[in-house]
Amino acid sequence: MFRQGNTFVDHIMVTVRGGKGGSGAAALTASLRGPSSPSGGNGGPGGSIYLITSPSLTSLATLKKRVIGGQGSSGSGSFKHGRRGEDILITVPVGTIVRETHREGEEERTIREENEMGLDREERRKRRWLRWFITHPSAGGEVSQEEYAEAETLLRKEGRWVPKVPDLDDPDHPPIYLDLDKKLDRPILLATGGLGGLGNPFFTSPRIASRGILPPNQTFEFELKILSDVGLVGFPNSGKSTLLRALTGRKAEVADYEFTTLNPQIGVVRVWEDGKWAGALDLEGGEAVEETWREREDDEIARLLGEELPSMRAKAKPSNLAKVDEASTEVQDTDVSIPRGGGKGQVERIRFTLSDNPGLLPLASQNVGLGHSFLRSIERSPVLVYVLDLTRPDPSSDLNVLKNELEEYKEGLSGRAGIVVLNKADQVDEDEGRKKIDRLKAAAAGEGEDQGVEVIPLSGKYGLGVERLVDTLAKKVEIAREEKVKDAQTQEQAKQAKREQARAERLAAAAAEANRSGSGFGLRR
Ligand SMILES: Nc1nc2c(ncn2[C@@H]2O[C@H](COP(=O)(O)OP(=O)(O)OP(=O)(O)O)[C@@H](O)[C@H]2O)c(=O)[nH]1
Ligand SMILES: [Mg+2]
C-alpha cells in the first residue's frame, strides 16, 4: 500500500479547464406553405472537473498536468440539442491540499493578444462576433452588423455573454483553497463546464446561432501532506527507518548509507492495554532489524539453495548490550525482550500512525537535500520525535541543528517534538553514553517550552528500550487527539456565537425598520 521507489510525488501543478460547450445550430426547417422556420437545437454543456479522495492512494503520481472536461456536442436541426460533455474526476489521496494559483478566461486571453496585435475597435468587434456566433451555411451573403449587434444584446441579456473572469485578487472570488484532510463523501466541483450555445430560434435573425462557452484555464497547486500522528525527524542514517520497522513491522528501507529513505513511509503502531504492541516483525530480545538489501540478497541465495530463509532466523545478540543498558537508567534490564502484542483477549489501547521521513540535513529549510518535501510531510504530524545517533560526536548539537531547521521552516514547529530518541545505544560504551545522555538531557530541559521533553536512549536495531518509547508515544498521541477535539469544539462554539450574533443583529435591524415604517407587522424572523 505504501509505495517505495520513485513513484512518490507530493507536489504537482495541474491546469484544469471545464469542457467547452457545444455550438447551437442555425438550422432551418423547410415549410411547404410559408418561409422556412428556424429549428436549430442548443449545444450541450461542456463536462465539469470534480475532485474526489481515495484512501488507498498515497501519492500524487497519478495526476495529469492538464485536465480538460469533455466538449459538449453541437445542436442540430429539428430542435435536437447537443449532448453534455464528459465530466472528469480527479482522484487524490486524503491529505491533499489544493490551491488555485492562476486563472485566466479564454476571452481575456484573446483580448490581450488582440491588444498586443494593435487591432482597432471595429476589427476587434468583428473578430469577436466570429468567435461567438455561427451562421447558417445557406445564410447567403454576410450577416449584417445589425444582426450581430442584436444577437450580442440578446446574449448579454441572458447573462450568456461570457462575463469577465474574475481575477484571483477579486475579493468576491478568492482563489479556491481545499484542505482535504478527511475522506470526501462526494466529489467536489473544481471547474465547471461551459454553457452550450443557443440555436437560431433564440435569435431574431434565423441566420445566427451562438457558440458554446470556453471556460477559463485554472492552475492548481496540489500538495500532499502525509497525515500521520507521529513523525520521525533526524539526520540521514540516524536509524529512523529501523525504528519504524521495530515499532510497526513495516519493511521500511534500511541501509548503512544516507538517504536510504527517499519518500515518507507510514506504518501503524497498535498498542495493547498491557503495553505490548503489534509489529508484524516478531523480534525476540536482541534480534536485529537487518539491512534490507542484505536481507534480500541472503534470502535470494537461500532460496536458490533451498534453505531456510536467513531473515526468518533469529540473529545473535551483540555482547555490548548489557553495558548500554546499565549506562542508561531508562533502559530496563538486559533481558529486555520486545513484547509482542495481539494475544487473544487483549484490549487495544490505541492505534496510531508513524511516519518515517527522509533524513534532514542542515539547511533543509532552504530546500537543501530533500529539504522542503520532507518538511512538508512532517508539518502535519501533531507529535514529532527527534531521532539522534548516539554514536555521533555531539548529539546535543545535532539536536540543535534539527530544531533550527524545523523552526526556520515554520515557527513553533520545533516545539512540537516532545521526545528525543537517542538511537544506536548498543554501539556506545557506558561512560561515553552516559556523558552524552546527561548533556542532552540538560540541553533539552533547559528552555522553557521544552519542559517535559523525554529523552529515551534505545537501540532500534535490537529493539531495546523501545517499550518506553511506545508508551510515551501512546500518551502523547492521546493528548494530541484530545486537544484536536477540544480545538474543534472551541471553533464550533465560536462559529455558533457568531451565527447568534448575526441573527440578533438581523432581528434588531428588522425591528428598527419596522419602527421606522410605523408598522408593527414588519418584524419577520
Ligand atoms: N548498531 C545499531 N545500528 C543501527 C541502529 N539503528 C539503525 N542502525 C543502523 O544504522 C544504519 C541506518 O539506519 P536507517 O534506519 O536506514 O537510518 P535512517 O535514519 O532511516 O536513514 P535515511 O533513510 O538515510 O535518512 C543502518 O545500517 C542500520 O542498521 C541501532 O540501534 N544500533
Ligand atoms: Mg530511512
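Shown above is the structure to which this text applies.
Keep in mind that this is a model prediction, so the values were computed, not measured.

Engineer: Sorry, what's going on with the overall build of the protein here?
Structural biologist: If you tally the helices and strands in the protein, you get 10 helices and 19 strands. Burial statistics for the protein: of 525 residues in total, 45% are counted as buried. The contacts of the protein with a sequence gap of at least 6 include a subset with a gap of at least 24, amounting to 78%.

Engineer: How should the packing of helix 2 (residues 121-132) against helix 3 (residues 145-157) be read in this particular structure?
Structural biologist: The packing of two helices is summarised by the inter-axis angle and the distance between the axes. The N-to-C vectors of helix 2 and helix 3 enclose an angle of 65°; their axes lie 11 Å apart at closest approach. Taken together, the axis directions place helix 2 and helix 3 in an arrangement best described as roughly perpendicular. Once helix 2 is placed against helix 3, the crossing between them reads as left-handed. On the side of helix 2, the interface is formed by Glu122, Arg125, Lys126, Arg128, Trp129, Leu130 and Trp132, while helix 3 contributes Gln145, Tyr148, Ala149, Glu152, Leu155 and Arg156. Partitioning the contact of helix 2 with helix 3 into residue classes produces 6 nonpolar, 1 polar and 6 charged.

Engineer: What's the story with the sheet that holds strand 6 (residues 88-93) in this structure? I'm lost.
Structural biologist: Two modes of strand pairing occur in sheets, parallel and antiparallel, and in both the strands are linked by backbone hydrogen bonds. Pairing in this open sheet of 3 strands is mixed, and the strands run 6-4-10 from one edge to the other. Because the sheet does not close on itself, it has two edges, and the strands there are strand 6 and strand 10 (188-191). Pairs of neighbouring strands in the sheet enclose a mean axial angle of 40°, with direction left out of account. The sheet contact formed by strand 4 (residues 49-54) and strand 6 spans 6 bridges and is parallel. From the neighbouring strand, isoleucine 49 faces strand 6, where its bridge partner is isoleucine 88.

Engineer: Can you help me understand helix 8 (residues 395-409) in this one?
Structural biologist: What sets the pattern is the α-helix's 3.6 residues per turn: residues three or four places apart point alike. Compared with the 21 Å implied by 1.5 Å per residue over 15 residues, the 21 Å span of helix 8 between its first and last C-alpha is a close match. What helix 8 keeps buried is the set Pro395, Ser396, Asp398, Leu399, Leu402, Lys403, Glu405 and Leu406.

Engineer: Just to check I follow, could you spell out the environment of glycine 197 for this structure?
Structural biologist: On the secondary structure map, glycine 197 appears in the loop between strand 10 and strand 11 (208-210). In sequence terms glycine 197 and glycine 72 are 125 residues apart; their C-alpha atoms lie 9.6 Å from each other. Setting aside anything within four residues of it in sequence, one finds glycine 197 in contact with Gly22, Ser23, Gly24, Asn42, Gly43, Ser210, Arg211 and Gly212.

Engineer: Please explain the side chain of glutamate 108 as it appears in this structure.
Structural biologist: Looking at the secondary structure, you find glutamate 108 in helix 1 (residues 106-117). Leave out the neighbours within four places in its chain, and glutamate 108 touches Lys164 and Val165.

Engineer: Where do I start with the nonpolar core in this structure?
Structural biologist: Nonpolar side chains in soluble globular proteins tend to end up buried together. Counting residues in hydrophobic clusters, the biggest one holds 25 residues, and the most contacted among them are Leu247, Phe352, Leu469 and Leu473. Of all the secondary-structure elements, those providing two or more residues to this core are strand 13 (230-234), helix 4 (240-248), strand 14 (265-272), strand 16 (348-356), strand 17 (383-389), strand 18 (417-423) and helix 10 (466-517). Per-element accounting of this core gives the leading share, 7 residues, to helix 10. Leaving out residues up to four positions away in the same chain, leucine 473 has contacts with Val230, Leu247, Phe352, Leu354, Val383, Val385 and Ile419. One finds Phe235, Leu360, Leu399 and Leu406 within the second-largest nonpolar core, a separate group that totals 22 residues.

Parameters at a glance
- Residues numbered from 1 in each chain as written.
- Chains lettered and ligands numbered in written order.
- Predicted model: local features only at pLDDT ≥ 70, side-chain atom pairs only at ≥ 80, totals over all residues.
- Heavy atoms only, no water.
- Helix = DSSP H or I, 4+ residues; strand = E, 2+ residues; numbered from the N terminus.
- Buried < 20%, exposed > 50% of the residue type's maximum accessible area, 1.4 Å probe, protein only.
- Contact = heavy atoms within 4.5 Å.
- Axes fitted to C-alpha atoms, helices over the stretch in contact; angles between N-to-C directions.
- Parallel < 35°, antiparallel > 145°, perpendicular 65-115°, else oblique.
- Left-handed = near helix turned anticlockwise from the far one by under 90°.
- Nonpolar A, V, L, I, M, F, W, Y, C, P; charged D, E, K, R; others polar.
- Pairing = 2+ DSSP bridges.
- Expected span 1.5 Å × (residues − 1).
- Core = buried A, V, L, I, M, F, W, Y, C linked by side-chain atoms within 4.5 Å.

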